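Breakdown of the fold
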2 protein chains.
Amino acid sequence: MKIYDISLPIACDMPVYKGKPDKRPVLSVASDFTIGPVYESKLEMNLHTGTHLDAALHIFPGGGTIDKIPLTSVVNKCSVLDLRQVTEKITAADLAVRPIAGGDFVLLKTRNSYEQILEGQFIYLTGGGAEYLVNCGVAGAGIDALGIERNQPGHPAHRLLLGAGLPVLEGLNLKEPPAGRYLLVAAPLNIIGAEAAPVRALLLPLPKEWQCLE
Amino acid sequence: MKIYDISLPIACDMPVYKGKPDKRPVLSVASDFTIGPVYESKLEMNLHTGTHLDAALHIFPGGGTIDKIPLTSVVNKCSVLDLRQVTEKITAADLAVRPIAGGDFVLLKTRNSYEQILEGQFIYLTGGGAEYLVNCGVAGAGIDALGIERNQPGHPAHRLLLGAGLPVLEGLNLKEPPAGRYLLVAAPLNIIGAEAAPVRALLLPLPKEWQCLE
């Protein structure tokens, strides 16, 4: 069984959103073999570092939290769309010529997975693109950027997706999987009351018996 | 598709190993709507808090790290064994009368999932029990306790399992899934160089076409 790991490794020198220092993870030693029989570490990390899922509270005061996202939306049929031709931002027109199955979680594979642009001029989703996905009836949207949008006043992509109850999966690495359909497994850490959480996101082959998965 | 979430929710009042205060997670606000347009949190957590996977470095100086554990060992066929009759510790004799398929990841379901004993006198695995599992050719072992053992001099259960290259999955909640076979999805956060990492562990139905999964 082929397993695609579509997560970014977590390390102090990993790419972070716009290169912001407060987004860097800090791994420290809690106990090592000089002071005891076991080695233990502690991790300090912004919840929007690396591969993570956003819930509505990230954008909407009083919005839904990560622990309330149904597992069935993030362990789900998934379409990886090849958008490597896009050079700046993904619009509704870019999406309209690609196959999107209603009910699928949609992952946007762009040049971000291939070039060193994650901290800079990364490809992002426009408000119009987000609206198109909502109208397609997708279960959620993910992208190979540390944010699904950048520098868009009012955060329309976040607002449209999260406002429609669709979780947003950010910080993916989609270099390896070709466009196509998969079983996405992207359950976040179940952090009670949080607006986001880290995810080890995987793509598995979609079993024949699950191809009509509701 | 039935999805069993076998993870402990992460919260400041969650059960932690022996109730140690330094094992409690701390969730703090990095940014909220009083200072900007988005809400963001930061998590500070020992890597052995809640549901997590141990790698060899946890016990062995220079041992393997969590980022080197093959995904195929933790996204794998899995057997949940019903050990609720055990009242103190799981021995080889307890395991010998239960079905264990070589190659499966084995999860030990005990009274820990039903009683308020996670921070105290929880059920654990003996060295003899760990040796039995290694000899069965399992792919790894998990338990519904925050440690797979407690108060065993020299940590024989950890040493035998991790020494044989088998990852150890701790902090499960196995109350819901009945004994039987499943597809385990327990990929840890990919923290480079760490001795352990948090996991959102799930059990899915084992697809017919994967029942002979190698």
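Residues numbered from 1 in each chain as written. Chains lettered and ligands numbered in written order. Predicted model: local features only at pLDDT ≥ 70, side-chain atom pairs only at ≥ 80, totals over all residues. Heavy atoms only, no water.

**Structural notes on the sheet that holds strand β10 (residues 168-170) of chain A**
Residues and elements named next belong to chain A. Pairing is mixed in the open sheet, where nine strands are placed in the order β1-β13-β11-β5-β7-β9-β10-β4-β12. On the outer flanks of this sheet lie β1 (4-5) and β12 (196-198), each paired with one strand and no other. Contacts from helix α4 (residues 156-163) reach β4 (52-54), β9 (140-143) and β10, with the element oriented near 135 degrees to β10. (Pairing = 2+ DSSP bridges. Helix = DSSP H or I, 4+ residues; strand = E, 2+ residues; numbered from the N terminus. Contact = heavy atoms within 4.5 Å. Axes fitted to C-alpha atoms, helices over the stretch in contact; angles between N-to-C directions.)

**Here we look at unusual backbone geometry**
Within the chain, His155 of chain A stands out as a residue other than glycine whose phi angle is a positive 50 degrees. Within the fold, His155 of chain A resides in the loop between β9 and α4. Phi at Lys18 of chain B is positive, roughly 55 degrees, even though this residue is not glycine. Following the sequence through the fold, Lys18 of chain B ends up in the loop between β1 (4-5) and β2 (26-31).

**Some remarks on the interface of chain A and chain B**
With 52 residues of chain A at the contact, the number on the chain B side is 52 residues. Across the chain A/chain B interface, buried area totals approximately 4,900 Å², and carbon plus sulfur atoms make up 67% of it. Inspection of the chain A/chain B interface yields four salt bridges. Across the pair Glu40 of chain A and Lys23 of chain B runs a salt bridge, and its minimum N-O distance is 2.9 Å. Among the elements that line the side of chain A that touches chain B, the one with the most residues is strand β3 (residues 40-46) of chain A, at seven residues. For the side of chain A that touches chain B, the residue count by class is 36 nonpolar, seven polar and nine charged. When β3 of chain A meets strand β3 (residues 40-46) of chain B, the two strands line up antiparallel, connected through five bridges. Residue pairing in the sheet places Asn46 of chain A in a bridge with Lys42 of chain B of β3 of chain B. (Buried area = accessible area lost by both parts, 1.4 Å probe. Salt bridge = Lys/Arg side-chain N within 4 Å of Asp/Glu carboxyl O. Nonpolar A, V, L, I, M, F, W, Y, C, P; charged D, E, K, R; others polar.)

**Structural notes on the sheet that holds β3 of chain B**
Pairing is antiparallel across the open sheet formed by four strands, whose spatial order is β2(A)-β3(A)-β3(B)-β2(B). Of all strands in the sheet, those bounded by a partner on one side alone are β2 (26-31) of chain A together with β2 of chain B. Averaged over neighbouring strand pairs, the angle between their axes works out to 20 degrees when direction is ignored.

**Topic: the relation of the copies chain A and chain B**
Placing chain A over chain B gives an RMSD of 0.0 Å and needs a rotation angle of 180 degrees, together with 0.0 Å of translation along the axis. As the rotation angle and translation indicate, the two copies are arranged about a two-fold axis. It is Glu44 of chain A whose C-alpha, among those of chain A, lies nearest the rotation axis, at 2.1 Å. A share of 100% of interface residues in chain A that are also interface residues in chain B marks the association as one of identical surfaces. (Least-squares fit on C-alpha atoms with pLDDT ≥ 70 in both.)

**Let's talk about the confidence of the model for chain A**
Put simply, chain A has an average pLDDT of 96, and 98% of its residues get 70 or more. Quick note on the complex model: pTM equals 0.96, ipTM equals 0.96. (pLDDT = per-residue confidence, 0-100.)

**Details of α4 of chain A**
Residue and element names in this part refer to chain A. Turning to α4, its buried residues number three or more, namely Ala157, His158, Leu161 and Leu162. Along the axis of α4, the buried positions cluster into a sector of 105 degrees, meaning they face one direction only. At its buried positions, α4 is contacted by β4, β8 (124-125), α3 (127-136), β9 and β10. Immediately beyond the C-terminal end of α4, within one or two residues, lies Gly165, with a positive phi of roughly 85 degrees. (Buried < 20%, exposed > 50% of the residue type's maximum accessible area, 1.4 Å probe, protein only. Arc of directions from axis to C-beta.)

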